[in-house]
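# Fold and contact review
Chain by chain, the residues:
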Amino acid sequence: MNLKDSLRYPNFLDKLMKSASDNIKNANHGLKLTKIHHRKKMNPIVEDLSENAQLDQNFYPNDDVVAFMADLMEERRKLTEATTLGKAGIKFDIDAAVEANKFRQSLAGSIRSVLRFTKGQYKEKVLGYKFNNDGNQATYYYEIDVLSE
């Protein structure tokens, strides 16, 4: 793995950890859910219904998820140590260079957005209010010309 990939890999590990965390926090994965429909109270000719909720496709046993999360923590620790060693061999501060590059990318994105602006015109409909002859408030629509130069 090169240094560039090692700087992106933590984001991947973070996404995996969040996904695993969301999975384990799902109450349906830790509890049995039963729904009892009391239909007979409202319709005497229909019987009550009891149903058990089905586990979704993304169900993994909680013990497996916890073990996976522990493996992710160990992988993150190894990655951090390896990245620190890799950065130590470089003659400049890579963290400062990465942060400066983020600002350059932000500036470039802003300039790209400004360059996409175009002149033009279009119409909008706006809701207005007035009192009619009976003294009641009535709504009406009118157009606005919007010009960008």
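Read on for a plain summary of the structure.

## Observations concerning the environment of Glu-124
Residue placement: Glu-124 occurs in strand 3 (residues 120-131). Beyond its immediate chain neighbours, meaning those up to four positions away, Glu-124 contacts Tyr-142, Glu-143, Ile-144 and Val-146.

## Topic: the pairing of strand 3
The pairing of strand 3 with strand 4 (residues 137-148) spans twelve bridges and is antiparallel. Looking at strand 4, one finds that Lys-123 is bridged to Asp-145. Connecting the antiparallel pair strand 3 and strand 4 is a turn made up of five residues, with Gly-135 showing a positive phi of about 85 degrees.

## A word on the pattern of salt bridges
All chains considered together, the criterion is met by nine salt bridges. Across the salt bridge formed by Asp-14 and Arg-76, the nearest N and O atoms sit 2.7 Å from each other. Separated by 62 residues along the polypeptide, Asp-14 in helix 1 (residues 3-25) and Arg-76 in helix 2 (residues 62-88) bring together distant segments of the chain. Judged by its relative accessible area of 40%, Asp-14 falls in the partly exposed class.

## Focus: helix 1
Taking 1.5 Å per residue, 23 residues should reach 33 Å; helix 1 reaches 34 Å between its end C-alpha atoms and fits that length. In helix 1, a bend of some 25 degrees at Tyr-9 exceeds every other bend along the element, and Pro-10, a proline, comes one to four places later. Turning to helix 1, its buried residues number three or more, namely Ser-6, Pro-10, Leu-13, Ala-20, Ser-21 and Asn-23. Looking at the buried side of helix 1, the elements it contacts are helix 2.

## Things to note about the side chain of Thr-83
Along the polypeptide, Thr-83 turns up in helix 2. Thr-83 sits in the buried class, given a relative accessible area of 10%. A polar contact is formed between the side chain of Thr-83 and the backbone oxygen of Leu-79, at a distance of 2.8 Å. Setting aside residues up to four positions removed in sequence, Thr-83 forms contacts with Leu-3, Ser-6 and Leu-7.

Reading the values: the criteria
- Residues numbered from 1 in each chain as written.
- Predicted model: local features only at pLDDT ≥ 70, side-chain atom pairs only at ≥ 80, totals over all residues.
- Heavy atoms only, no water.
- Helix = DSSP H or I, 4+ residues; strand = E, 2+ residues; numbered from the N terminus.
- Contact = heavy atoms within 4.5 Å.
- Pairing = 2+ DSSP bridges.
- Salt bridge = Lys/Arg side-chain N within 4 Å of Asp/Glu carboxyl O.
- Buried < 20%, exposed > 50% of the residue type's maximum accessible area, 1.4 Å probe, protein only.
- Expected span 1.5 Å × (residues − 1).
- Bend = angle between axes of the 7 residues up to and from the residue.
- Polar contact = N/O pair within 3.5 Å; in protein donor to acceptor, adjacent residues only side chain to side chain.

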